[in-house]
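Structural description and commentary
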Amino acid sequence: MRYFTLFLFLSSLSAFAQKSGLVPIDSIPSQGFVLNQGWKMQAGDDPEWAKTAYDDAQWVPIDPSQDFKNIPELWESKIVWFRLKFTIDSSLTQKTLACLVSQTGASEIFLNGNRIGSFGKIADQNGKVLAFTPRNGTSVGLPLKRAGMQVLAVRFAVQKNLPYVVFADRPNVALSLHLIEIKNLARYLLNDLTPYFEFGRFGLYLILAVIHFALFRFNKKDKANLYFFLFALVNLFSLFFISMVYRHVDLASTKMFFLGTVTISYGLSLFFFLQGAYAIFSTPKGLIYWFLMFYLCASSFILYANYQNGNNLGFTVANILIVFEIGRIAWVAFRKNHRGARIILNGTIAYGLFFSLFNLFAWGYLPAGPNWIWGHLAINLGFISIPVAVSIYLALESSFASQSLAKKLKEVELLSQRTLAQEQEKQELLATQNETLERQVAERTTELQQSLETLRSTQTQLVQREKMASLGELTAGIAHEIQNPLNFVNNFAEVSSEMIDELQTEINQGNTEEVQSIATDLKQNLDKINHHGKRASSIVKNMLEHSRTSPGQKTATDLNALIDECLRLSYHGLRAQIKGFQADYALQLADQLPLVTLVSQDMGRVLLNLFNNAFYAVGQRQKLGVDKDYLPKVIASSKVNDQGIEIRISDNGLGIPMALQDKIFQPFFTTKPSGEGTGLGLSLSYEIITKGHQGNLSVESVEGQGTTFIIELPLK
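The following refers to the structure shown. (Residues numbered from 1 in each chain as written. Predicted model: local features only at pLDDT ≥ 70, side-chain atom pairs only at ≥ 80, totals over all residues. Heavy atoms only, no water.)

Overall, the coordinates contain 16 salt bridges when judged by the stated rule. The closest approach of N and O atoms between Arg-83 and Asp-56, which form a salt bridge, is 2.9 Å. Of this pair, Arg-83 sits in strand S5 (residues 80-88) while Asp-56 sits in the loop between strand S3 (39-43) and strand S4 (60-61), placing them 27 residues apart in sequence. Asp-56 shares its class with Arg-83; the two are buried. Between Glu-181 and Lys-183 there is a salt bridge, with the nearest N and O atoms lying 3.9 Å from each other. For Glu-181, a relative accessible area of 6% puts it in the buried group. (Salt bridge = Lys/Arg side-chain N within 4 Å of Asp/Glu carboxyl O. Helix = DSSP H or I, 4+ residues; strand = E, 2+ residues; numbered from the N terminus. Buried < 20%, exposed > 50% of the residue type's maximum accessible area, 1.4 Å probe, protein only.)

Quick look at the structure:
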């Protein structure tokens, strides 16, 4: 109800502001309200802007209570001013009012031209900004001596050289002024339940730390208690620093340092927690574990690399993944009837339920209660559900161990009394065990023999499958290599057929000169058909010879010659396929390039694919016809550097959008229209370069300007 009343109040303020430019304030609720309507902003610095009579009609409307990263003017300008015009009812002039101040920057606050407060330094003795983030409860008084129009003006600047982070989805607001009566201020601050829940969690983690440390001292071989003690200890320090940040720290630089430290220490606590869970169930550390460790380490970099979502993408996701992993290993242990695994499994389920409830409260699907008590309760129960479940499990395990030890001692006493009487039974038992062991050995030998037969059968199938795969690769290679000369033969044959028709027409007309010209061109076409037919035959012979000797064998290859051949084949092949296609191409090859040991067939496939893509890109840009002076061009270059040989294939085509550059080497991903691409060319090329030749294939592209594919091959 409180938020609904505030919403209606602010809505009425907004409607009035649209008509008059003034925000009317006739009364103030006991909980106060945030002044986030009616503000205007102007970049620059002028003392006249603080005065009541100044005309700010041309200023830009702004809500300064949003995250300061969302206001670009703060970062583009050294100083900005905010102004708010509002009217005060005469009844409010008799009350003592104040504004709770939240900010991320340095500010000077003026009321009707008079400075009433400042936080931080907009310019210190070195001319630098010293940003303040006032602690919770910091306020500035509003001396309203008269009713009518009032002007709040704020001179504001941000400190741009700090590593800002977003902690627990709490935005770093640029400037937020919460108007409230002084007599209600203490009650408003007491209604904030966050400190109470933080103190409760601090006490719980302190108890858990003491318990786990005591259990570890009792049994130092049980490393799980050590890990959970360290987990609780790190959380104690984190809660202490959080309390320091929001209640005792004003400097933005100090606050950001502590927030980063708290967030990273939270990742350290997750590390200890996962270590403890693996130790409880004696789970081997496989690929999932090392992935989580890598993600935890990367979360520290993600935190600072992505301001808006660094915390969520880093440690929040890591927390969820680790909880899922703990739930997974607890489920596996439960399926194996591991004693007490159900307790930890129920703890992870409780974690999921409480955090789901918290999100329903946060998104407004469920009422969160007065002062958001149910939301606080849900998130805190979620935080402690798994640690409490683990502590209960370890305590029960210690109890079971003590009971088991007492039972064993009693059994030892009974056995010592019956030693002589049971000697014969032991001999009989030993004989029975020997017989059982011999039987188990025989059964195991039979099982191993069957497994060996199955392995041999599987090996035969794998060899046959490998032969079929090699045959498929050879067939694909022949088809790929022979396609270009056959395209030339077919196209020149079609052109020659048309020329014969023209020749007959000219003969009938008696045009001897034109007949001779057409006959000359026809002979040239036939020579080209003969040339490309011989080339196709040569390709078939070379491929068959290649398949008969050592398929896939690396040989010393002249890369410059291979680049030249593939470039020309690609260009002429596209000209034969697309009538009217024209493009310029150039070779910038290094002199005396050393021979490189590689599979020339595979490297030719990579080069043809990259050249085809380059010519396709310039053809598509030319087809759009946006730039009348556009000249399509493809450039191939080679050079020797410290790492080996570098080949660059560049075009001035459409380019690749930044969002797609990380995906182009994925199988079946293509930027071409449906029916024009399979999405396998670049992924296969990437496999050939990286895995087949221990090189690297990368891309540099600017959308609308062109693309460059870079092949790096080692010399050795």
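Text resumes after the structure shown.
So, about the sheet that holds strand S9 (residues 139-142). Ordered in space as S2-S11-S6-S9, the four strands form an open sheet in which the pairing is antiparallel. Both edges of this open sheet fall to strand S2 (33-34) and S9, since each of them pairs with a single strand only. Note that strand S6 (residues 97-103) and strand S11 (residues 175-181) share seven bridges and pair antiparallel. Following the sheet pairing, Leu-100 is matched in S11 by His-178. (Pairing = 2+ DSSP bridges.)

Turning to the environment of Ala-556, a few remarks are in order. In this structure, Ala-556 sits in strand S12 (residues 555-557). What makes Ala-556 exposed here is its relative accessible area of 52%. Residues Ala-556 and Ser-600, 44 residues apart in the sequence, show an inter-C-alpha distance of 8.6 Å. Those residues within four positions of Ala-556 in sequence are excluded, and the remaining contacts are Leu-595, Val-596 and Thr-597. (Contact = heavy atoms within 4.5 Å.)

Now for the nonpolar core. Leu-35, Phe-82 and Leu-152 are the most contacted members of the largest nonpolar core, which totals 92 residues. Per-element accounting of this core gives the leading share, 13 residues, to helix H6 (residues 252-281). Split by domain, the residues of this core number at least three in each of domain 1 (2-191) and domain 2 (194-404). Ignoring any residue separated from it by four or fewer positions in sequence, one finds Phe-82 in contact with Trp-39, Lys-40, Met-41, Trp-59, Ile-62, Pro-64, Leu-74, Leu-152, Ala-153, Val-154, Phe-156 and Leu-175. Residues Tyr-571, Phe-581, Phe-615 and Ile-689 belong to the second largest nonpolar core, which totals 39 residues. (Core = buried A, V, L, I, M, F, W, Y, C linked by side-chain atoms within 4.5 Å. Domains from an automatic or database assignment.)

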